[in-house]
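Below are the chains, spelled out letter by letter.
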Amino acid sequence: MDCIALSSESPYALMLKAAFLIPISHYLLGFLFLLIVFLYNFMEMYFIQELFTGFRGKPVSLTFNSCCDLYQQVVSKCKILHGRFSSTPWLCSPHLQTIFLQLFERVPACNYQRQTLKTCDGGTIALDWLRNVNVKIPSVEGFDGVQSDDKTPIILVIPGLTSDSNSAYIKHLAFKMAKSGWNVVVSNHRGLGGVTITSDCLYNAGWTEDARKVIDHLHTQYPQAPLFAVGTSIGANVLVKYLGEEGVNTAIVGAVAICSPWDLLIGDKFIRRRFVQRCYDKALGIGLKVYAQLHRNLLPRLTDWDSISKIHCIRDYDQHVTCVLNDFETVDTYYREVSCSSYVGNVRIPLLCISALDDPICSRETIPCDECRANKNVILATTQHGGHLGHLEGLTGKSLWWVRAVDEFICAFNSSSLIRRGKIQNNTVDSPPLKSIDEAPYVNIREDGLVTTFGNEPSGELGNEQLVEDDKVGDNNGTVQQEPNATTQYDPVRCPNINAMMVPVKNCLNQLSRRSKISMWVLACVAITTTWPILGSLFFKKKLRKNFSSSSTKR
């Protein structure tokens, strides 16, 4: 009878009664488990993967040209770049790596000494120095500077977006490099570092004029000190763009780009793609809005402050501030023109680029692997994990992997032969550019055995040669007289024929020298062998003509 009564009750009521019989602690454990699974996926954690591998980390991937001297002489000696990166076990997440560094990381004390630099448009740049001798010495009032004859290498640091010399990762880098014996100078962006702007111009991702001014100033003041540069995030974009614009005409002998955004147009779409990325976008946008509002009275060209006050992402800031101050038609136009991915192919000094494939701010889709591989001056090092400017390692998370990699790379580069090659290159910055192959002078051998050179301006050079000959044989009255005993004469009519015959030989030699890199001695032998029939015919023709004329005289 009880069974019949029980079966007649609603099954939902039975389930509800059974649910009440389960202890509340079990519900809490279940909810906690689901929360952990959600956060594990939301934070993109990889703790379990690292646990199975014994927290050995993933190897660093290097991308470079097979003919790269930079790899053979410098990077091949860097153990860190050939090793593995293992994250701090309790920070196995790109978001934890990025956030912990900015909010909770204990940073070393850096006793900066400030120097201000004025730009051509009236702007002010704050240069914060951390010399190798002042790492543990309290800062003093006023900056006595570095001696002009000091040969200690100088490392210029260009911070990222809304960052300055007091940022945690900048202090890590500056303290480590100064402790290793370098003089470090941090170039704060306009309006940052506690210095207000003094002109109606703000910095942006493609603003290279300040970097150019600082680099020229450092090279002029300290000409004997090798100058290196390290750019981080947006600072890396500025640095690579500057190096691509300057080519060989830069005082920088070596550079490192950390977590560069590379392509801002793709990066803008990436940072607005998911909820977690939009959080970063909003945080950076609010920081930029505060930066603009802080200098509102000094920016008369900005009039739409109602829209600026509503900025909630980076794109809004670029639309209402950057495009207005720099005369860009659209935000996408600005992103296309200032992205350093289109400039990395023009870099002509050794450059190391470090990026994390799980960077939550700068997408891996923007990394120009093919462009870096095609340039013999660029080494691209990518890690599987690390976050944005994170790469915290060790049990306590006190060390930054990329800081150690930068220190090792610069030390190896400074002791290699490439540093001397860079000094020679920087000393010849103002030399005129070399002519192209078609414009270069080529060798012409005259009938009398003299060697002359001719280019693409035959009229002027032939005229000068003719004037020299005329001056030698002319009389005081200005009339030209022929030397009766001269066996050979400079015949301007015959030169074009000889030049025409020499052009194919010249082109073959240039191609052979450029492709196979054969020594000039071998090329000289080839030149003599190929031109001997022409010279031999001229020589024997002249000798036969002389013998024939002498025999005719005897007769």
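Here the structure is a predicted model, which is why all the values come from computation and not from measurement.

### Quick notes on the overall build of the chain
Now for step 1: Helix and strand counts for the chain come out as 20 helices and 15 strands.
Now for step 2: Here the chain holds 555 residues, and 45% of them are scored as buried.
Now for step 3: Looking at the chain as shown, the accessible area adds up to about 29700 Å², and 59% of this sits on carbon and sulfur atoms.

### Quick word on helix 16 (residues 401-414)
Now for step 1: Taking 1.5 Å per residue, 14 residues should reach 20 Å; helix 16 reaches 20 Å between its end C-alpha atoms and fits that length.
Now for step 2: Among the 14 residues that make up helix 16, eleven are buried, leaving the element largely enclosed by the rest of the structure.
Now for step 3: Along helix 16, the residues classified as buried are Trp401, Trp402, Val403, Ala405, Val406, Asp407, Glu408, Phe409, Ile410, Ala412 and Phe413.

### A closer look at the sheet that holds strand 11 (residues 378-383)
Now for step 1: Pairing in this open sheet of nine strands is mixed, and the strands run 2-11-10-9-8-6-7-5-4 from one edge to the other. Of all strands in the sheet, those bounded by a partner on one side alone are strand 2 (61-63) and strand 4 (113-118). On average, each strand axis in the sheet is tilted by 20° relative to the strand beside it, whichever way the strands run.
Now for step 2: In the sheet, strand 4 pairs with strand 5 (residues 124-130) via six bridges, with the strands oriented antiparallel.

### Concerning the confidence of the model for the chain
Now for step 1: On average, residues of the chain score 80 in pLDDT, and 72% of them reach the 70 mark or higher.
Now for step 2: For the stretch residues 511-519, pLDDT sits under 50, and the model shows seven contacts to residues farther than four places along the chain or on other chains.
Now for step 3: Scored below 50 in pLDDT, residues 551-555 shows zero contacts in the model against residues more than four places distant or in partner chains.

### Notes on the pairing of strand 11
Now for step 1: Counting buried positions along strand 11 gives six out of six residues, so the element sits mostly inside the fold.
Now for step 2: Judged by which residues are buried, strand 11 turns out to be covered on both faces: Val378, Leu380 and Thr382 on one side and Ile379, Ala381 and Thr383 on the other are all buried.
Now for step 3: Sheet analysis places strand 2 next to strand 11, joined by three bridges and oriented antiparallel. Bridging across to strand 11, Ser61 finds its partner in Thr382.
Now for step 4: Here six bridges tie strand 10 (residues 351-356) to strand 11, and the two strands are oriented parallel to one another.

### Side note on unusual backbone geometry
Now for step 1: We note that Phe55 has phi near 55°; this positive angle belongs to a residue other than glycine.
Now for step 2: Of note, Phe55 is situated in the loop between helix 4 (47-52) and strand 1 (58-59).
Now for step 3: Its identity is not glycine, yet His391 carries a phi of approximately 55°, on the positive side.
Now for step 4: As for its placement among the helices and strands, His391 is situated in the loop between strand 11 and strand 12 (392-393).
Now for step 5: For His391, a relative accessible area of 0% gives the class buried.

### A short note on the packing of aromatic side chains
Now for step 1: For the structure on display, the rule yields twelve aromatic pairs.
Now for step 2: Considering the side-chain rings of Phe38 and Phe42, the 5.7 Å spacing of their centres and the 15° angle between planes classify their relative orientation as stacked. Pair noted here: Phe38 and Phe42 are both in helix 3 (residues 24-42), with a separation of four residues, about one helical turn.
Now for step 3: Its relative accessible area of 25% is what places Phe42 among the partly exposed residues.

### As for the nonpolar core
A general feature of soluble globular proteins is that nonpolar side chains tend to end up buried together.
Now for step 1: Counting residues in each nonpolar core, the largest one holds 69 residues, and the members touching the most others are Leu243, Ile252, Val321 and Leu351.
Now for step 2: No other element matches the seven residues that helix 9 (residues 234-246) contributes to this core.
Now for step 3: In this structure Leu243 touches Thr250, Ile252, Ala255, Asn346, Val347, Ile349 and Leu351, once residues within four positions along its chain are discounted.
Now for step 4: The next biggest cluster of nonpolar side chains, apart from the first, holds 52 residues, and it includes Ala174, Phe228, Trp402 and Phe409.

### Quick word on the environment of Asp210
Now for step 1: Take Asp210: it is sitting in helix 8 (residues 209-221).
Now for step 2: Between the alpha carbons of Asp210 and Lys118 there is a distance of 9.7 Å; along the sequence they are 92 residues apart.
Now for step 3: The residues touching Asp210, leaving out its near neighbours within four places in the chain, are Thr119, Ile125 and Arg190.

### Quick look at the side chain of Ser355
Now for step 1: With respect to the element layout, Ser355 can be found in strand 10.
Now for step 2: With a relative accessible area of 5%, Ser355 lands in the buried category.

### Description of a nonpolar patch on the surface
Now for step 1: There is a patch of nonpolar side chains on the surface, built from Phe31, Leu32, Leu35, Ile36, Phe38 and Leu39 and spanning about 590 Å² of accessible area.
Now for step 2: Relative to the helices and strands, Leu39 resides in helix 3.

### Points about the pattern of salt bridges
Once their charged atoms are close, side chains differing in charge can pair, the charge on each being opposite to the other.
Now for step 1: Per the counting criterion, the structure on display carries 15 salt bridges.
Now for step 2: Of the charged contacts in the structure, one is a salt bridge between Asp200 and Arg301, with a shortest N-O distance of 3.3 Å. Taken together, the residues Asp200 in the loop between strand 7 (183-187) and helix 8 and Arg301 in the loop between helix 11 (275-294) and helix 12 (305-309) connect sequence positions 101 residues apart.
Now for step 3: Overall, Arg301 belongs to the partly exposed group, its relative accessible area being 36%.
Now for step 4: The salt bridge partner of Arg212 is Glu245, with a shortest N-O separation of 2.8 Å. Of this pair, Arg212 sits in helix 8 while Glu245 sits in helix 9, and the two are 33 residues apart along the sequence.
Now for step 5: Judged by relative accessible area, which is 15%, Arg212 ranks as buried.
Now for step 6: By relative accessible area, Glu245 is classed as partly exposed at 33%.
Now for step 7: Overlapping salt bridges bring together Glu209, Arg212, Lys241, Glu245 and Glu246 as one network.

### Considering the pairing of strand 10
Now for step 1: Summarising burial for strand 10: six of the six residues are buried, a large majority.
Now for step 2: Burial along strand 10 is two-sided: Leu351, Cys353 and Ser355 and Leu352, Ile354 and Ala356, pointing in opposite directions, are all buried.
Now for step 3: As defined by bridge partners, strand 9 (residues 252-258) adjoins strand 10 across four bridges and the pair is classed as parallel. Considered in strand 10, the bridge of Val256 is made with Leu352.

Thresholds applied
Residues numbered from 1 in each chain as written. Predicted model: local features only at pLDDT ≥ 70, side-chain atom pairs only at ≥ 80, totals over all residues. Heavy atoms only, no water. Helix = DSSP H or I, 4+ residues; strand = E, 2+ residues; numbered from the N terminus. Buried < 20%, exposed > 50% of the residue type's maximum accessible area, 1.4 Å probe, protein only. Areas by Shrake-Rupley, 256 points an atom, 1.4 Å probe, with all protein chains shown as cover. Expected span 1.5 Å × (residues − 1). Pairing = 2+ DSSP bridges. Axes fitted to C-alpha atoms, helices over the stretch in contact; angles between N-to-C directions. pLDDT = per-residue confidence, 0-100. Contact = heavy atoms within 4.5 Å. Phe/Tyr/Trp six-rings, centres within 6.5 Å; stacked < 30°, edge-to-face > 60°. Core = buried A, V, L, I, M, F, W, Y, C linked by side-chain atoms within 4.5 Å. Patch = residues over 30% accessible without salt bridge, like charges linked within 9 Å, V, L, I, M, F, W, Y side chains within 5 Å. Salt bridge = Lys/Arg side-chain N within 4 Å of Asp/Glu carboxyl O.

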